[in-house]
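Spelled out, the chains give:
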Amino acid sequence: MSNRMWGGRFASGPAEIMEEINASIGFDKRLAPQDIRGSLAHVAMLGKSGILPSADVAAIEDGLKTVRAEIEGGGFVFKRELEDIHMSVESRLTEIVGPTAGRLHTARSRNDQVATDMKLWVRDTLDSLDEQAAGLQRALAEKALAHAATVMPGFTHLQSAQPVTFGHHCLAYVEMLARDRGRFRDARARLNECPLGAAALAGTSFPIDRHATAQALGFDRPTANSLDSVADRDFALESLSAASICAVHLSRFAEELVVWTSAQFNFVRLSDGYTTGSSIMPQKRNPDAAELVRAKSGRVIGALTGLLIVMKGLPLAYSKDMQEDKEGTFDALQALSLCLAAMTGMVRDLKPNADVLARAAGSGYATATDLADWLVRELGLPFREAHHVTGRLVGAASARDIGLEELSLSEMQEAEPRITDAVYAVLGVENSVSSRTSYGGTAPDNVRTQATRWLALLDAPSGAA
């Protein structure tokens, strides 16, 4: 028996393995809301353009709304032999309204239909991810405001470098997420052209109004080239690229949480809500949520790499290879959504151990740069010379396993005779962070200003990135 959806040319049905490799309904059924939205816009346009009579349009619209209600209610049966979401919807529509359903496919192809569905789904998902990222920014900015003066060590090479504040560290991720949201919005703006009406690859001879369907579906305009409309998935690639960068940012923060919650660091504490125990070691509190955020970045990056490889050798226009755009994109963007939710929860949940952070901030000669700056500012030494003098003093303190502030004035004057006891004012971590008042610096007043600014921006109607 030939397949009734694409029948005439074929005298028999597909081989069993062909059905296995060809069917996509198992994953593209999630496009059902977008598929029906596209079909409703298409049939309305066919009616307004005089291509279909109003009675057929009304019947098809009513039938599509019935199908949508069945899907939303969980009563719709997805049949594997119907291949994909487009055939599944059209088959059920035929059962509801009869042969009139076949008129719905006038002046379109599954090629432009699936491209439209995917753009609608990706666009909806980018909007959702943008909102979630804004929620994480808000949680971080609130934590920053609460801990604007909580000192902690800043690191380079994972070695203690200079003191910063916990709030300043949180705001670093607010800035990263702002750029992530900018990339989501850029990708959304570029994808917002409607492929519907490009048909299989060459357009159609029917007098359709592509601007009307584009407007009905919330696109800025129709795509300008029918070949390009059905042949590319760069909108998915760009979205996956933006998602991958965001996932990397989340993974870096997750790695810090894994390190910070260890007994060796003990910088922050996560509650039972975001940690798990061990099946054998009763003392353990494992940061599994953070570890899984860190791991899921691989899924997102892998989806981008996979789709790039799928697309790299395809001639124009559509090839069935492009069916492989869906599972990876669905999985990756869903994984990122889960990671954003988990990270937002952890940020709201975590409690910095302020005493531990303060002690760590003063370790490793973290105020050495402050000493060098004082030598330049107060004694007029060239910075390279001040760097050398400070290095000698660090060496002297290290040899005795004491802090810089524990060196006597006479010991300091052995390295530079003009040093006075005023130098001790810059050797405390609180003084160090308070002195970093340059724009973007870690001074508590700076952090409060930036955190307050971000909270105001995030509460604005645009939710600015």
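Residues numbered from 1 in each chain as written. Predicted model: local features only at pLDDT ≥ 70, side-chain atom pairs only at ≥ 80, totals over all residues. Heavy atoms only, no water.

### Things to note about the side chain of K143
- Within the secondary structure layout, K143 lies in helix α6 (residues 110–146).
- For the buried residue K143, which engages in no salt bridge, the nearest side chain bearing the opposite charge is E142, 8.0 Å off.
- Engagement of the side chain of K143 in a polar contact is seen with the backbone oxygen of R348, the distance being 3.5 Å.
- Not counting chain neighbours up to four residues away, the residues in contact with K143 comprise F166, C170, V347, R348 and L350. (Helix = DSSP H or I, 4+ residues; strand = E, 2+ residues; numbered from the N terminus. Buried < 20%, exposed > 50% of the residue type's maximum accessible area, 1.4 Å probe, protein only. Lys, Arg positive; Asp, Glu negative; His and termini not counted. Salt bridge = Lys/Arg side-chain N within 4 Å of Asp/Glu carboxyl O. Polar contact = N/O pair within 3.5 Å; in protein donor to acceptor, adjacent residues only side chain to side chain. Contact = heavy atoms within 4.5 Å.)

### Considering the layout of surface pockets
- By volume, the largest pocket is sized at about 440 Å³.
- In terms of lining residues, the largest pocket is bounded by 17 residues, among which F155, H169, Y173, R252 and E256 are the most central.
- Considering only residue class, the lining of the largest pocket consists of 11 nonpolar, 3 polar and 3 charged. (1 Å grid on protein atoms, 1.4 Å probe; cavity = no way out; pocket = protein on both sides within 12 Å on 5 of 7 lines; lining within 4 Å. Points joined across faces, edges and corners; volume = space filled by probe spheres on them. Nonpolar A, V, L, I, M, F, W, Y, C, P; charged D, E, K, R; others polar.)

### Structural notes on the environment of F265
- As for its position among the elements, F265 is in the loop between α10 (234–260) and β5 (268–269).
- Counting along the chain gives 184 residues from F265 to E81, while the straight-line C-alpha distance between them is 57 Å.

### Details of the pattern of salt bridges
- Inspection of every chain in the model, using the stated rule, returns 24 salt bridges.
- We note a salt bridge from D325 to R233, for which the minimum N-O separation is 2.8 Å. On the criterion of sequence distance, the pair formed by D325 in helix α12 (residues 325–349) and R233 in the loop between α9 (226–231) and α10 is long-range, its members being 92 residues apart.
- We classify D325 as buried; its relative accessible area is 1%.
- The buried category is assigned to R233, whose relative accessible area is 0%.
- For the salt bridge of D370 with R436, the shortest nitrogen-to-oxygen distance reads 2.8 Å. Separated by 66 residues along the polypeptide, D370 in helix α14 (residues 368–379) and R436 in the loop between α17 (429–435) and α18 (444–459) bring together distant segments of the chain.
- Sharing partners across several salt bridges, the network here consists of E70, R92 and E95.

### Remarks on empty space enclosed by the protein
- Under the defined criterion, the tally for this structure stands at 1 cavity of 30 Å³ or more.
- Here the largest cavity defines a volume of roughly 40 Å³.
- If you go around the largest cavity, the residues you meet are L136, L140, Y173, L177, H249, L250 and F253.
- Put simply, the parts of the chain that give the lining of the largest cavity at least two residues each are α6, α7 (166–191) and α10.
- Residue classes in the lining of the largest cavity are distributed as 6 nonpolar, 1 polar and no charged.

### Observations regarding the pairing of strand β2 (residues 159–165)
- The pairing of strand β1 (residues 151–156) with β2 spans 5 bridges and is classified as antiparallel. Note that in β2 the partner of V151 across the bridge is T165. (Pairing = 2+ DSSP bridges.)

### Focus: the packing of aromatic side chains
- One pass over the structure, following the stated rule, counts 8 aromatic pairs.
- Seen in terms of ring centroids, F76 and F78 are 4.7 Å apart; in terms of plane orientation they differ by 55°. Their pairing is tilted.
- The exposure class assigned to F78 is partly exposed, which follows from its relative accessible area of 29%.
- The interplanar angle of 75° and the centroid separation of 5.1 Å between the aromatic rings of F265 and F267 together place this pair among those described as edge-to-face.
- The class for F267 is buried, based on a relative accessible area of 4%.
- Sitting over the face of the ring of W454, R453 holds its NZ or CZ atom 5.1 Å from the ring centroid. (Phe/Tyr/Trp six-rings, centres within 6.5 Å; stacked < 30°, edge-to-face > 60°. Lys NZ or Arg CZ within 6 Å of the ring centre and 35° of its normal.)

### Brief notes about α14
- Between its terminal C-alpha atoms α14 stretches 16 Å, which fits the 16 Å expected from 12 residues at 1.5 Å a residue.
- All of the buried residues along α14 are A368, D370, L371, A372, W374, L375 and L379.
- Where α14 is buried, its residues touch α15 (383–399) and α17.
- In the stretch just after α14, G380 is the one whose phi turns positive, near 75°. (Expected span 1.5 Å × (residues − 1).)

### Things to note about the packing of helix α3 (residues 32–48) against helix α5 (residues 85–97)
- One way to put it is that α3 packs onto α5 with a least axis distance of 10 Å and a crossing angle of 60°. When the axis of α3 is compared with that of α5, the two are oblique. Crossing handedness for the pair α3 and α5: right-handed. Facing A32, D35 and I36 of α3, the residues of α5 in contact are I85, H86 and V89.
- Partitioned by chemical class, the residues of the contact of α3 with α5 number 4 nonpolar, 1 polar and 1 charged. (Axes fitted to C-alpha atoms, helices over the stretch in contact; angles between N-to-C directions. Parallel < 35°, antiparallel > 145°, perpendicular 65-115°, else oblique. Left-handed = near helix turned anticlockwise from the far one by under 90°.)

### Let's talk about the nonpolar core
- Residues L140, L250, L257, L336, L340 and M343 are the most contacted members of the largest nonpolar core, which totals 92 residues.
- A per-element tally of this core places α10 first, with 14 residues.
- Those residues in contact with L336, other than ones at most four positions away along the chain, are L129, F184, A243, C246, A247, L250 and V300.
- L371, L379, L381 and A386 belong to the second-largest nonpolar core, a separate cluster that totals 20 residues. (Core = buried A, V, L, I, M, F, W, Y, C linked by side-chain atoms within 4.5 Å.)

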